[in-house]
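Examination of the molecular architecture
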Amino acid sequence: MITQRRFARVEIPLPVRIRCPGETLRGTILDVSLKGILIELEAPGPISDDCVADPLDVQILSDPDQTVLVELNARVIREDDRTLALAWSTIELDELTHLRELLQYNGVEEHQLSRELSELLDD
């Protein structure tokens, strides 16, 4: 089965830090788009109800020095034992610009990003 996605997903194996009330989670990006992110968590198991209920602070970090490249707010869409699917809750213009640059640097074509950005803003 072929799945047609509106937003290009890019595999960028960068570290991620997720802060929510009472805990900090760590993981690695499986894929990321202008719409959200899929993360493989370092520690297996369910996340707390507080993390699911509230928007999360997601930091995409450089590797290996752990400098914050992009920081966004997201909400949990789906979780299982090792993965967490998040959708961006709100994106400020600066954050969107950094995310777009990260995607473009990792192979997403400029015309595709422009189309997706237009769709994102129309939603």
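Residues numbered from 1 in each chain as written. Predicted model: local features only at pLDDT ≥ 70, side-chain atom pairs only at ≥ 80, totals over all residues. Heavy atoms only, no water.

A short note on the overall build of the chain
Helix and strand content of the chain: three helices and six strands. Walking the chain from its N terminus toward its C terminus, one meets helices and strands in the order β-β-β-α-β-β-β-α-α. Since a compact globule built from 123 residues should have a radius of gyration of about 14 Å, the 14 Å found for the chain is in line with a globular shape. Every one of the 123 residues in the chain was classed for burial, and the buried ones make up 42%. Across the chain, the fraction of contacts at a sequence separation of at least 24, relative to all contacts at a separation of at least 6, is 53%. In the structure as shown, the chain presents an accessible area of about 7,300 Å², 49% of it carried by carbon and sulfur atoms. Here the chain contributes 12 positive and 25 negative side-chain charges, whose respective centroids are spaced 4 Å apart. (Helix = DSSP H or I, 4+ residues; strand = E, 2+ residues; numbered from the N terminus. Rg over C-alpha atoms; globule rule 2.2 N^0.38 Å. Buried < 20%, exposed > 50% of the residue type's maximum accessible area, 1.4 Å probe, protein only. Contact = heavy atoms within 4.5 Å. Areas by Shrake-Rupley, 256 points an atom, 1.4 Å probe, with all protein chains shown as cover. Lys, Arg positive; Asp, Glu negative; His and termini not counted. Charge placed at Lys NZ, Arg CZ, Asp CG, Glu CD.)

Details of helix α3 (residues 110–122)
With 13 residues, α3 should reach 18 Å at 1.5 Å per residue; the first-to-last C-alpha distance of 18 Å fits that figure. By the burial criterion, the buried members of α3 are Leu113, Glu116, Leu117 and Leu120. Projected onto a plane normal to the axis of α3, the buried residues spread over an arc of 105° and lie on a single side. Exposed side chains of α3 directed beyond 90 degrees from the buried face belong to His111 and Asp122. Elements in contact with the buried residues of α3: α2 (93–105). (Expected span 1.5 Å × (residues − 1). Arc of directions from axis to C-beta.)

Some remarks on a negative patch on the surface
Where like charges cluster on the molecular surface, the negative patch consists of Asp49, Asp50, Asp54, Glu79, Asp80 and Asp81. Relative to the helices and strands, aspartate 49 resides in helix α1 (residues 49–53). For aspartate 49, a relative accessible area of 68% puts it in the exposed group. (Patch = residues over 30% accessible without salt bridge, like charges linked within 9 Å, V, L, I, M, F, W, Y side chains within 5 Å. Salt bridge = Lys/Arg side-chain N within 4 Å of Asp/Glu carboxyl O.)

Regarding the pairing of strand β5 (residues 68–79)
As judged from the six bridges shared by strand β4 (residues 56–61) and β5, these two strands associate in the antiparallel manner. Looking at the pairing, valine 58 lines up with leucine 72 of β5. Taking the residues that link successive antiparallel strands as the turn, the β4-β5 hairpin has six residues, and the phi of glutamine 66 there is positive, at about 65°. Direction of pairing for β5 relative to strand β6 (residues 83–90): antiparallel, over a ladder of six bridges. Within the sheet, the bridge partner assigned to valine 76 lies in β6 and is leucine 86. (Pairing = 2+ DSSP bridges.)

Things to note about the sheet that holds strand β1 (residues 15–20)
Taken in spatial order, the six strands of this closed barrel run β1-β2-β3-β6-β5-β4, and their pairing is antiparallel. On average, adjacent strands in this sheet sit at an angle of 45° to one another, irrespective of strand direction. In this structure, strand β2 (residues 23–32) lies alongside strand β3 (residues 36–41), joined through five bridges in antiparallel fashion. Across the sheet, aspartate 31 pairs through a bridge with leucine 38, a residue of β3. Lying over the sheet, α2 contacts β2, β4, β5 and β6, oriented at roughly 90° with respect to β5. (Axes fitted to C-alpha atoms, helices over the stretch in contact; angles between N-to-C directions.)

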